[in-house]
Amino acid sequence: MSLNCLRFVSHSLKKPPSFHLSYLPSSSSSSSSTVIVAMSYSKELAAAKKAASLAARLCQKVQKALLQSDVQSKNDKSPVTVADYGSQALVSFVLQQEIPADFSLVAEEDSKDLRKDGAQETVERITKLVNDSITSDGSYNVTLSTEDVLKAIDSGRSEGGSQGRHWVLDPIDGTKGFLRGDQYAIALALLDGGKVVLGVLACPNLPLTSISAAGQLSPDNEVGCLFFAEVGGGTYMQPLDGSSAVKVQVTAVENPEEASFFESYEAAHSMHDLSSLIAQKLGVKAPPVRIDSQAKYGALSRGDGAIYLRFPHKGYREKIWDHAAGCIVVTEAGGVVTDAAGKPLDFSRGKYLDLDTGIIVTNQKLMPLLFNAVRESIKEKAASL
Ligand SMILES: Nc1ncnc2c1ncn2[C@@H]1O[C@H](COP(=O)(O)O)[C@@H](OP(=O)(O)O)[C@H]1O
Ligand SMILES: [Mg+2]
Ligand SMILES: [Mg+2]
Ligand SMILES: [Mg+2]
């Protein structure tokens, strides 16, 4: 049997992984000899954690100001825009400082609107935010100009694909949640050869303890989680303030009656009627936990719930930055992420995920039952239309 894609990891249970190895054929001949190629993403992972943590701090600052302001300016979308752009510029800057070689970034935002007449003040606000973050970190002795910031944002224009390495960034995932003062995430992943090889999810408002249906969002709960995963190395969570990381695992629940599920807060993002039909078929008793952003993947990776269902309305095309980091965080914690046809998500085709109907996430034990319930429910829903 060919060993060309056999990978294994060196890590202890407590410590995040530092490297993994790939066995590759030593030549194109059919000889059984192999060479060991060290494949490490530890430097990239450290850079990604640093970038996402700094961006999380920037977003927290903006969200705090937004929530303290009066109702009128709450409805004003500009603070959100500032945080989205600021986060993207900062992550792009940090990654280019830390890993300058062959830099490629596929990210949600671009500077088109910021280059229009009348946007100068906004660009200056973003630039100040980014520079304040860089100064407070202290590791980079630079001050960015407004043009540097616009360029950093636009370096996220790569198309990704199946060749080489590409960073994938959602600078604020769950913008609607961010606006409401609820959940959002800074989601950063690395693709190598079209596969997600590492992912980091910074979730500034996610409690450090479970948000299962039983114990939802206690107001005095400590918040701010950083999830991170490297291929073959498991998933870890640490407080965003930097204290030590713990390994996390998806729930071991096998009985769907004991399972609870996550879905989007926004009904426009996922058909709640379809998920409730699926839950009913499975015999799920707990009500859905509705939260914004890829914080759902993070929460699922540590067993807060057992299932995540996402069924966009017809015509919506999912983007890779909405799932890349979340997907590896869950799979490395022992979970399974597929589309509604049971296929793994394919991140190698550029910005979009071309998938069948929706995304389903759960543990390995529940997946066959969930998959059947999904197929039946989709058929029933289609027949009733
Ligand atoms: N009609 C739609 N259907 C599905 N997803 C949508 C959507 N409109 C926007 N989204 C995506 O849903 C993401 C938020 O997901 P969730 O509902 O899990 O919080 C948004 O990310 P952004 O907030 O980064 O724009 C956006 O990409
Ligand atoms: Mg998003
Ligand atoms: Mg976003
Ligand atoms: Mg958006």
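Residues numbered from 1 in each chain as written. Chains lettered and ligands numbered in written order. Predicted model: local features only at pLDDT ≥ 70, side-chain atom pairs only at ≥ 80, totals over all residues. Heavy atoms only, no water.

Draft legend 1. Main features of the UniProt feature "binding site: Mg(2+)" (unreviewed entry) in the protein. Per the UniProt annotation, the sites labelled "binding site: Mg(2+)" (unreviewed entry) are Glu108, Asp170, Ile172, Asp173 and Asp322. The annotated residues occupy 215 residues of the chain but converge on a single region, no pair of C-alpha atoms lying more than 9.8 Å apart. Mapped onto the elements, Glu108 comes out in the loop between β4 (105-107) and α4 (120-137). Every residue in contact with Glu108, bar those within four places of it in the chain, is listed here: Gln88, Leu169, Asp170, Pro171, Ile172 and Trp321. In this fold, Asp170 is placed in strand β5 (residues 165-173). The class of Asp170 is buried, set by a relative accessible area of 0%. For Asp170, the residues in contact, after removing those within four places along its chain, are Glu108, Ala185, Ile186, Ala187, Trp321 and Asp322. In terms of polar contacts, Asp170 uses its side chain to reach the backbone amide nitrogen of Asp173, at 3.4 Å. (UniProt positions renumbered as here; feature names shortened; annotations may be inferred. Helix = DSSP H or I, 4+ residues; strand = E, 2+ residues; numbered from the N terminus. Contact = heavy atoms within 4.5 Å. Buried < 20%, exposed > 50% of the residue type's maximum accessible area, 1.4 Å probe, protein only. Polar contact = N/O pair within 3.5 Å; in protein donor to acceptor, adjacent residues only side chain to side chain.)

Draft legend 2. Focus on the coordination of the magnesium ion (ligand 3). Looking at the metal site, the magnesium ion (ligand 3) is ligated by Glu108 (OE), Asp170 (OD) and Ile172 (O), spaced 2.0 to 2.2 Å from it. Sequence spacing of the donor residues for the magnesium ion (ligand 3), all on one chain, is E-x61-D-x1-I. Here the magnesium ion (ligand 2) and the magnesium ion (ligand 3) are spaced 3.7 Å from one another, each receiving a donor from Asp170. Accessibility classification places Asp170 together with Ile172 in one group, the buried group. (Donors = N, O, S within 2.8 Å, 3.2 Å for Na, K, Ca; no water.)

Draft legend 3. Looking closely at the pairing of β5. For β5, a buried count of eight out of nine residues is recorded, marking the element as mostly surrounded by other parts of the structure. Judged from the three bridges that link them, β4 and β5 form a sheet pairing that is parallel. Bridging from a neighbouring strand, Leu105 pairs with Trp167 of β5. Strand direction decides the pairing type here: β5 and strand β6 (residues 185-192), joined by seven bridges, are antiparallel. For Val168, the partnering residue across the bridge sits in β6 and is Ala189. (Pairing = 2+ DSSP bridges.)

Draft legend 4. Just helix α9 (residues 324-331), in detail. Most of α9 sits inside the fold, with seven of its eight residues counted as buried. Three or more residues of α9 are buried, namely Ala324, Ala325, Gly326, Cys327, Ile328, Val329 and Val330.

Draft legend 5. Representation of the pattern of salt bridges. Enumeration over the complete set of coordinates arrives at 26 salt bridges. The residue Lys116 makes a salt bridge to Asp113 at a minimum N-O spacing of 2.9 Å. For Lys116, a relative accessible area of 48% gives the class partly exposed. The partly exposed category is assigned to Asp113, whose relative accessible area is 42%. (Salt bridge = Lys/Arg side-chain N within 4 Å of Asp/Glu carboxyl O.)

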